[in-house]
Structure formats: C-alpha cells, structure tokens
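Here's the letter readout for the chains.
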Amino acid sequence: MTPFLERYGAGQARPGVDWFHPLSGWFLVEMMRLEELRPGVLATAMRGSPSWRNAVAAALSSGVLSSPEGFLLRANGEVTDTDTIIQIADAFVAMKPTHILEAAYPDVPPSLPAILKKIGSSLLNTSDAYGRLYALLTSPEPEHRARRRVLEGVDARLDDELLQTVEILDIGILSPKTAMAVRTATEAHKLNARLPMLRQVCSTATDAALRQSIEDAPHFRASNWVRGWFAKADTLPPLGIGLDHDPGVRRIVPSIARAMGREWQNCLAGHVNAIALGATAYLAIGDLSVIIILTQTDGGWLLTGIHGRANMAVSGETARRVKERVSSQGVLCFLPCKPPRELEGVYHTMDDLDFDLPGMGG
C-alpha cells in the first residue's frame, strides 16, 4: 500500500480540506507507481485540476517514464543523479499544465490545451487515446487536418467514444454537429459501411445532403437514418437483361414505391429496404395489369411472384403471358404444373391416395 493510501486509510484526511477526485484505470496505476517513490504525488493528482490531470496523462502517454531525459531537460534544464522517476514526479507536482505539455512534447499543438480541457475530470480510458489525440493534432495529412478542425469545433465533453467518432467517421459527412449526433464508434462504423451503397442508389445523397440530414435529426439513430435514405433510392443498378429496355415494363424503385403502392393498392412502401438492396426487383407491367417480383440467383433473375391490383391472384392465362414475355428477355421462369387431365378433380392431396402395396399392410 502506498504512503498516501496508508494515511488516507488511517483517517488522517482533513474534512473540508482534503477533497479528492477519484482516479481509476491506467492513470491510477501510473500515479501509484510514482507514489511509491515520491509520497504525496497521488494526493496532488486527486486534488489537482482536471487540466493538470489531463496534462500529466498526456505526458505519461508520450513515454516520459521510459525515456525521461528529454522531459527532464525541458522541465528542469538538467537531469540529476536522483532516480528519474522521482524527478518526474517532482516536476509534475511543481509545474502548471501548459509547462507539463511543453516539457513532454517537443512541439505542442496550439489547440491541445483547449482540447484537453474538453476532456474534463474523467480522463480518457487509455494511454493510447492520448497518443492518438496528439498524433491527430500534429499530422500534416489533409484528411487529418480536416478531422482536427472538427475536433476543435466540437462543443461537448470529449471522451473516448467521441474521439473515435471524429477519427473514423466518413470525412464527407463529418462535422462538429454530426460527430456529436453519431457520438459512438459503433454508430460511426454502421454509417461508414452503408454510405457507399446510399451514394450509389440515391442521386440526392450528396455529402452536403447526408451531413445536413444528420445535423437536423432530433434524435439520431444510424439504423433509422439509413432506412430513411434507402426510401429515397432512385438509381438502382440495371438488371442486366433485356427487360431493362422493355418500354412496357416499369422498374419500381424505393423513391416511387409509396406512390406506386397507392396506385396498385398494395404494400409496396413496406418493401423499400428489400428493393434498395438490389437482390429483389419489383416491376410493373401495365398492359398485363400485374406487378412481378424477380429474385436474383447465381443463375440469373428468377420470377418469384406475380400479383394483380390489390395483390389479387392472376389467372393462369395471365401467368402464362407473363412467363412468355419475361423469359424471352432473360428471366428464369418456373410455373407449377397441373396434374394429368384425367386425374383433375379426383385427387386433391396426397392424403387422398389409398396405397395398398404388398408387404406394407397395417
């Protein structure tokens, strides 16, 4: 047990004076390591300001304990014969946050103190997070500079999730408001995975429109937002068969599904996600008064549904005409066969058959 914890456990803390901020995780482990050699530094950390704790956390993440010479030279102007860990602990206690950062880094980004201030009392969960933050603020790459500007513009408490969101969210839709709306790395990954398809199937899905729709969402959820954009899809890839060029066939895309549903008195609007994904195609054939459903297979498009208005069943003659029309244009068609004419009306199900086979008596 460290000297500080021994004193604290013995009830020697002074009421009204010794108020301590709770520490945890990697930062607590590092401060206890310093406390073993320099008693009092843990109490300083628990009493210190959030800016001081974050500056110390950033310095520790930069590797000052494993490579102390540069830090001590910038902090004290010299490295003495005293244990370097003790020298570092004494420097931390004596220095202000800005001076700790100047000693820890050869180059301190101008926005680093302000961004550390946004983290507040809770600190980032890992030492690596402070390292990634510094790398982002000092990177010369154009995309990283853009992400840095977003991070600087975020008007909220910065934590690990928000930092990761700024780091990974698609740069086309990233802004301070979208970062705060998306808020978690999980949601950012969901969006990133779906954006390429949204941009492909929605002509209106420009970066500006996508970004604005996130900023305007009162309670943003990635799944709801994606479904909303899929409902606007209007540029689905062609089927790749002759049916694409049939003037009498109209491809139903999500953007017109609701209107088509009203016209055909059915629930097309409820199928926009399936339509947008492209594995299923809905087409209206006006002169036959049917909507057909095609399903993509490894052998080509397969006719899997024929519906009349209000989802009414179609006659056998209509089904035959649909088959003839679409099969000639590259669609696989398989219609159920009727029983032999001489058996029609006799047997309706296999249960009607009375088998009497030798050796199978009951």
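None of these values were measured; they are calculated from a predicted model.

The rules behind the values
- Residues numbered from 1 in each chain as written.
- Predicted model: local features only at pLDDT ≥ 70, side-chain atom pairs only at ≥ 80, totals over all residues.
- Heavy atoms only, no water.
- Helix = DSSP H or I, 4+ residues; strand = E, 2+ residues; numbered from the N terminus.
- Buried < 20%, exposed > 50% of the residue type's maximum accessible area, 1.4 Å probe, protein only.
- Contact = heavy atoms within 4.5 Å.
- Areas by Shrake-Rupley, 256 points an atom, 1.4 Å probe, with all protein chains shown as cover.
- Pairing = 2+ DSSP bridges.
- Axes fitted to C-alpha atoms, helices over the stretch in contact; angles between N-to-C directions.
- Salt bridge = Lys/Arg side-chain N within 4 Å of Asp/Glu carboxyl O.
- Core = buried A, V, L, I, M, F, W, Y, C linked by side-chain atoms within 4.5 Å.
- Phe/Tyr/Trp six-rings, centres within 6.5 Å; stacked < 30°, edge-to-face > 60°.
- Lys NZ or Arg CZ within 6 Å of the ring centre and 35° of its normal.
- Polar contact = N/O pair within 3.5 Å; in protein donor to acceptor, adjacent residues only side chain to side chain.
- Parallel < 35°, antiparallel > 145°, perpendicular 65-115°, else oblique.
- Nonpolar A, V, L, I, M, F, W, Y, C, P; charged D, E, K, R; others polar.

*Asks:* Please explain the overall build of the protein chain as it appears in this structure.
*Replies:* In terms of helices and strands, the protein chain carries 18 helices and 4 strands. Residue burial in the protein chain is summarised as follows: out of 362 residues, 39% are buried. Of all intrachain contacts in the protein chain linking residues separated by at least 6 positions in sequence, the fraction that spans at least 24 positions is 57%. When the accessible surface of the protein chain is split by element, carbon and sulfur atoms take 54% of a total near 19500 Å².

*Asks:* Teacher, can you tell me more about the sheet that holds strand 3 (residues 290-297) here?
*Replies:* Think of a sheet as strands paired side by side through backbone hydrogen bonds, with each pair either parallel or antiparallel. Read across the open sheet, the 4 strands follow the order 1-2-3-4; overall the sheet is antiparallel. Two strands in the sheet have a free side with no partner beyond their single neighbour: strand 1 (249-252) and strand 4 (300-307). This sheet shows a mean twist of 30° between the axes of neighbouring strands, independent of strand direction. Contacting strand 1, strand 2 (280-285), strand 3 and strand 4, helix 18 (residues 316-327) runs over the sheet at an angle of about 50° to strand 3.

*Asks:* Please clarify how the pattern of salt bridges should be interpreted in this entry.
*Replies:* One pass over the full model with this rule turns up 14 salt bridges. Arg320 is the salt-bridge partner of Glu317, the closest N and O atoms lying 2.3 Å from each other. Placement of both Glu317 and Arg320 in helix 18 is noted, with a separation of 3 residues, approximately one turn of the helix. On the basis of relative accessibility, which here comes to 44%, the residue Glu317 falls in the partly exposed class. Through salt bridges that share partners, Asp128, Arg132 and Glu167 make up one connected network.

*Asks:* Would you mind showing me how to read the nonpolar core here?
*Replies:* Counting 87 residues, the largest nonpolar core has Phe27, Phe71, Phe92, Leu191 and Trp225 as the members making the most contacts within it. No other element matches helix 4 (residues 50-61), which puts 7 residues into this core. With residues up to four places along the chain from it excluded, the contact list for Trp225 reads Leu191, Leu195, Leu198, Leu210, Ser213, Ile214 and Phe220.

*Asks:* Got a minute to help me understand the side chain of Asn54 in this structure?
*Replies:* Residue position: Asn54 is located in helix 4. With sequence-adjacent residues up to four places away left out, Asn54 is seen in contact with Leu116, Ile119, Gly120, Leu123 and Tyr130.

*Asks:* In this structure, what is going on with the packing of aromatic side chains? I would like to understand it.
*Replies:* Aromatic rings in a pair are described by how distant their centres are and how their planes are angled relative to each other. Evaluated as defined, the whole model comprises 6 aromatic pairs. A centroid spacing of 5.9 Å and a plane angle of 80° characterise the contact between Trp26 and Phe27, whose relative ring orientation is edge-to-face. With respect to burial, Trp26 and Phe27 carry one shared label: buried. Over the aromatic face of Trp229 sits the side chain of Lys232, whose NZ or CZ is 4.1 Å from the ring centroid. For the cation-ring pair, Arg309 lies above Trp264, with the distance from its terminal atom to the ring centre recorded as 4.2 Å.

*Asks:* Got a minute to help me understand the side chain of Arg148 in this structure?
*Replies:* Position of Arg148 among the secondary structure elements: in helix 10 (residues 142-153). Here the side chain of Arg148 touches Leu137 through a polar contact of 3.2 Å, landing on its backbone oxygen.

*Asks:* Sorry, what's going on with the packing of helix 9 (residues 127-138) against helix 10 here?
*Replies:* Axes are the key here: two packed helices are described by the angle between their axes and the distance separating the axes. As a packed pair, helix 9 and helix 10 sit with axes 8 Å apart at the nearest point and diverge in direction by 115°. Here helix 9 lies roughly perpendicular to helix 10, going by the angle between them. Of helix 10, the residues touching helix 9 (which contributes Leu133, Leu136, Leu137 and Thr138) are His144, Arg147, Arg148 and Leu151. Taken together, the residues that form the contact of helix 9 with helix 10 break down as 4 nonpolar, 2 polar and 2 charged.

*Asks:* Sorry, what's going on with the pairing of strand 2 here?
*Replies:* Side-chain direction in a regular strand flips from residue to residue, so the side chains alternate between the two faces of the sheet. Counting buried positions over the 6 residues of strand 2 gives 6, a clear majority of the element. Sheet topology note: the strand 1/strand 2 ladder contains 4 bridges and is antiparallel. By the bridge assignment, Ile252 is partnered in strand 2 with Tyr282. Note: strand 2 against strand 3, 6 bridges, orientation antiparallel. Bridging from a neighbouring strand, Ala284 pairs with Ile291 of strand 3. Hairpin connection from strand 2 to strand 3: 4 residues lie between these consecutive antiparallel strands, with Ser289 at a positive phi of about 55°.

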